[in-house]
Amino acid sequence: MGQAQAKGKSQLGDNFFAEIGGFACLERVHDLLYEKLYAHPWLKGFFVKSKLEIVKSQQNDFWAALMGGPSRYGGRSPRDAHVHMFLPAEVFAIRHELLGEALVEAGVPEALREIWLDMDTNFEKAVVNKSPDECHGRYRSEEVIIVPRPEDF
Ligand code: HEM
């Protein structure tokens, strides 16, 4: 995806960040989303080594910049951030659905929810992989995280 296309601003013609209500809205949505991710029988397995507060604040900053707000995010690109995790398409789809629920619960209006979810879909190719062979540690000693799908959900 090109830089211009990745920006909420140019995609929407105005400032989506301001429209949703800025950081207050992002924080509400990500508090709800990460509560669901950390409680999910399969997806929680990807976060065992991650600190909830750090992951949430990275998300807030990442999406703020993308949506035309302040560019505070200084972390990795989505592809580089997930290269050490085997993320099948089904995992992406579950997270995407949980985001949809979080947006409703946070009171984001439907028209804005649709745009937000479209922006989220744009990252599928960057984070999903077909086999663990496509994954490697982000630094030399980092292990690839593989979380088998539990049978009972
Ligand atoms: C739209 C899709 C996604 C986007 C845009 C996204 C974005 C990000 C970003 C920006 C970071 C911070 C990276 C850094 O600075 O190192 C991150 C970290 C992380 N993401 Fe995602 N992510 C997405 C999907 C997923 C999915 C489906 C999972 C698995 C359930 C996942 C699991 C994680 C984990 C575990 C971390 C923390 C890594 C660490 O602790 O170093 N992400 N993500």
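Residues numbered from 1 in each chain as written. Predicted model: local features only at pLDDT ≥ 70, side-chain atom pairs only at ≥ 80, totals over all residues.

Undergrad: Before we move on, could you go through the site of the ligand and cite the residues and values that matter?
TA: Neighbouring the ligand are 19 residues, the closest being Ser50, Phe62, Gly75, Ala81 and Phe123. Of all the secondary structure elements, the ones that give two or more residues to the shell around the ligand are α5 (52–66), α6 (78–82) and α7 (89–105). Per-class residue counts for the shell around the ligand are 12 nonpolar, 4 polar and 3 charged. (Near = placed C-beta within 6 Å. Helix = DSSP H or I, 4+ residues; strand = E, 2+ residues; numbered from the N terminus. Nonpolar A, V, L, I, M, F, W, Y, C, P; charged D, E, K, R; others polar.)

Undergrad: How would you summarise α7 if you had to cite specific residues and measurements?
TA: Helix length check: α7, at 17 residues, gives a terminal C-alpha distance of 25 Å against a target of 24 Å (1.5 Å per residue), a fit within 8%. For α7, the secondary structure elements touched by its buried residues are α4 (22–39) and α8 (110–121). A positive backbone phi angle near 80 degrees is found at Gly107, which sits one or two residues after α7. (Expected span 1.5 Å × (residues − 1). Contact = placed C-beta atoms within 7 Å.)

Undergrad: Would you mind going over the confidence of the model for the protein in detail, with residue names and values included?
TA: Caution applies to low-pLDDT parts of the model: their predicted coordinates are not meant to be read in detail. Taken residue by residue, the protein gives an average pLDDT of 92. The fraction at 70 or more is 91%. Residue range residues 1–5 is modelled with pLDDT below 50. Its contacts to residues more than four positions away, or to other chains, number 4 contacts. (pLDDT = per-residue confidence, 0-100.)

Undergrad: Hey, could you go over the packing of α4 against α5 for me, with residue numbers and the actual values?
TA: To describe two helices that pack against each other, one gives the angle between their axes and the distance between the axes. Their axes nearest at 9 Å, the elements α4 and α5 cross at an angle of 135 degrees. In terms of orientation, α4 and α5 fall into the oblique class. For α4 against α5, the interelement crossing comes out right-handed. Touching Phe23, Leu26, Glu27, His30, Asp31, Tyr34 and Tyr38 of α4 are Leu52, Val55, Lys56, Gln59, Asn60, Trp63 and Ala64, all from α5. The class makeup of the residues in the contact of α4 with α5 is 8 nonpolar, 3 polar and 3 charged. (Axes fitted to C-alpha atoms, helices over the stretch in contact; angles between N-to-C directions. Parallel < 35°, antiparallel > 145°, perpendicular 65-115°, else oblique. Left-handed = near helix turned anticlockwise from the far one by under 90°.)

Undergrad: Can you lay out the nonpolar core for me, pointing to particular residues and giving the numbers?
TA: Val29, Leu103 and Val108 are the most contacted members of the largest nonpolar core, which totals 19 residues. Where this core is concerned, the elements lending two or more residues are α3 (16–20), α4, α5 and α7. Broken down by element, this core gets its largest block of residues, 5 residues, from α4. Apart from residues no more than four positions distant in its own chain, Leu103 is found in contact with Val29, Val108, Arg113 and Trp116. (Core = buried A, V, L, I, M, F, W, Y, C linked by C-beta atoms within 7 Å. Buried ≥ 20, exposed ≤ 12 C-beta atoms within 10 Å, placed from the backbone.)

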